[in-house]
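In case you want the letters, here they are:
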Amino acid sequence: MKKVQNKNAKFLAATMAILILLTVLMSGIASDWWSVKIKRVQFPAEDGKIVSAIFYIPSEASNANPVPAVLNFHGRGDDGHSVEYYAIEQARRGYVGILVDWDGGGQSEELESAEGYAIAATDFVKDLPFIDGKKLSVTGWSAGNKVMKSISELYPDNYQTIISIFAPMIPIVNGDCNANLMIMKSSGDQYNYALTGNREEVEAIVAEKFHVEQVVSGEVIGSFENKTAREYVYVDNSIHQDANINKTVIASMLEFLDHSVPAPNPLSYSDQVWQYFNILSLFGYIALFCALAAFACILLEIPYFEKICNPLPANRGRRGKSLYINIAGNLLFLTAAFIPLSYIGINIFVDSRLFPSRTLNSFLVYLLLCGVFAAAMIWFEIRRRKKAGESIQLSD
């Protein structure tokens, strides 16, 4: 028994050491090996409400050397972390990358209008001494396009670049904005067909906004110097949800940004490190589950918990057709319940600061309610066995 205890303790120590190492490596990648300062900042908005953002401040930025900045707006139901890879790559190139929480997501309070977040962020950012307030840019992914649709008209002397990434409804993008404009669309975006149309219809709308007969993906129209540059990019092999983890999207964004506001620290557009952060995150989750398993094994060696470890009972479960029907029924329930239960999760904590991410809330509530359903099924099974006079063990 002592050998088993030592083995589990060593395994737990090893997984914890791996977790610490992965955390250090992820921190290094996110901060360009600690040359980028990452901090959360809060600032006032309309009616005294608070807007929160995460700043990625490169070493090039200082009061004596202000640098360009990029405000990044996430999609609906998310928070700024969902587009953190944009800020990581922007900061590596010398821009101040800013992730703004909006729509009640993250740590921002909910405002009356979506544009209120962009106004509050711009008013705060443009006067910071380490930022060149005349060289601001903005990106919006999905519903984040609503936030920035009129920002260049409200601040004509501040914004140089607007980058629209997979906007669900292209009409909300202002084609006559007073800034260089890029519109990116996904080849597999479900919103295209639901709200806009097929590729030909999408490109016809973009051409109308650019005031040309037709658009060609990757072709720049107009002048960056005069803030009349327009570019449409059709991203092959992509879906709406992968805009924040797509190398083509990020490279296209960086290239257009560099042409509009030259990067203080130029790098190849294909030189991206966010994917390594992503891979390490995956290994981190695996290491965490291994650590929890090792900890559980150590607990089971304590006399108080030993009683849980009963001999494996004979399988008294379903067989054959009954088993397959049961599996099919459970899968059908889980599938049918996903949309209504996740919808409850999105709306139940709308104003909660403890659970600020609506997307995460939708999954948590779905899993919680499915767990309640499973617990109810177990309770009914226990009652059935008791009535039948069958013995029940804890390991059952």
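Our subject is the structure that appears above.
The sections below set out a description of the structure shown in this document. (Residues numbered from 1 in each chain as written. Predicted model: local features only at pLDDT ≥ 70, side-chain atom pairs only at ≥ 80, totals over all residues. Heavy atoms only, no water.)

## Concerning the sheet that holds strand 9 (residues 230-239)
As a reminder, the rule being used: At least two DSSP bridges between two strands are required for those strands to pair. Numbering of helices and strands runs from the N terminus; a helix is a DSSP stretch of H or I covering at least four residues, while a strand is a stretch of E covering at least two. Between two residues, a contact is recorded if the distance between any of their heavy atoms is within 4.5 Å. Between N-to-C directions, angles cover 0 to 180 degrees, with each direction set by a line fitted to C-alpha atoms, over the stretch in contact for helices.
As summarised here, the arrangement of the 9 strands in space is 1-2-4-3-5-6-7-9-8, forming an open sheet in which the pairing is mixed. Two strands lie at the open edges of the sheet, namely strand 1 (37-44) and strand 8 (220-221), each paired on one side alone. Pairing analysis gives 6 bridges linking strand 5 (residues 131-141) to strand 6 (residues 159-165), with the strands arranged parallel. From the neighbouring strand, L136 faces strand 6, where its bridge partner is Y159. Contacts between helix 3 (residues 115-125) and the sheet are confined to strand 1, strand 2 (50-57), strand 3 (67-73), strand 4 (96-100), strand 5 and strand 6, with strand 3 contributing the most and set at about 160° to the helix. Of the strands in this sheet, strand 7 (180-188), strand 8 and strand 9 touch helix 7 (residues 199-210), which is tilted by about 160° from strand 9.

## Points about the pairing of strand 9
Rules: Between buried and exposed lies partly exposed: a residue is buried under 20% and exposed over 50% of the maximum accessible area for its type, with that area taken using a 1.4 Å probe on protein chains only.
Of all 10 residues making up strand 9, 7 are buried, and the element is well covered by its neighbours. By the bridge criterion, 7 bridges tie strand 7 to strand 9 in an arrangement that is parallel. Residue pairing for strand 9: K185 is matched across the bridge by Y234. Sheet topology places strand 8 next to strand 9; 2 bridges connect them, and they run antiparallel. Residue pairing across strands places I221 opposite R230, the latter belonging to strand 9.

## Observations regarding the packing of helix 2 (residues 84-92) against helix 9 (residues 274-300)
This is how the line gets drawn: Oblique is the label for any angle not covered by the other classes, which are roughly parallel (under 35 degrees), roughly antiparallel (over 145) and roughly perpendicular (65 to 115). Under the scheme applied here, ten amino acids are nonpolar (Ala, Val, Leu, Ile, Met, Phe, Trp, Tyr, Cys and Pro), four are charged (Asp, Glu, Lys and Arg), and all others, including Gly, are polar.
For the pair helix 2 and helix 9, the least separation of the axes is 9 Å and the interaxial angle reads 135°. Regarding the angle of helix 2 to helix 9, the classification is oblique. Across from E84, Y85 and E89 in helix 2, the residues of helix 9 making contact are W274, F277 and N278. In the contact of helix 2 with helix 9, the residues fall into 3 nonpolar, 1 polar and 2 charged.

## Considerations on helix 7
We count it as follows: By this rule the span expected of a helix is its residue count minus one, scaled by 1.5 Å. Directions are taken from the helix axis to each C-beta atom, and the arc is the one they span. A 3.5 Å cut-off defines polar contacts: any pair of N or O atoms within that distance qualifies, except that in protein one atom must be a possible hydrogen donor and the other a possible acceptor, and neighbouring residues in sequence count only when both atoms are side-chain atoms.
Over its 12 residues, helix 7 extends 16 Å from the first C-alpha to the last, a length consistent with the 16 Å expected when each residue adds 1.5 Å. V202, E203, V206, A207, K209 and F210 are the residues of helix 7 that are buried. Each buried residue of helix 7 sits inside an arc of 160° when the element is viewed along its axis, so together they form one side. What points out from helix 7, more than 90 degrees from its buried face, is the exposed set E200 and E208. The distance from a side-chain oxygen at the start of helix 7 to the backbone nitrogen of E200 is 3.2 Å, and the residue carrying that oxygen is N198. H211 lies just past helix 7 and shows a positive phi near 60°.

## Some remarks on empty space enclosed by the protein
Basically, it comes down to this: Cavities and pockets are defined on a 1 Å grid built over the protein atoms alone: a cavity is a set of grid points where a 1.4 Å probe fits but cannot escape, while a pocket is an open set with protein on both sides within 12 Å along at least five of seven lines, and lining residues are those with an atom within 4 Å of any such point. Grid points are joined across faces, edges and corners, and a volume is the space filled by probe spheres set on the points.
Under the definition given, this model contains 1 cavity of 30 Å³ or more. The volume enclosed by the largest cavity comes to roughly 70 Å³. M148, K149, I162, V173 and N174 are the residues nearest the centre of the largest cavity, which is lined by 10 residues in total. Where the lining of the largest cavity is concerned, the elements lending two or more residues are helix 4 (144-148) and strand 6. Across the lining of the largest cavity, the residue classes tally to 6 nonpolar, 3 polar and 1 charged.

Function cannot be inferred from these measures alone, as they are strictly geometric.
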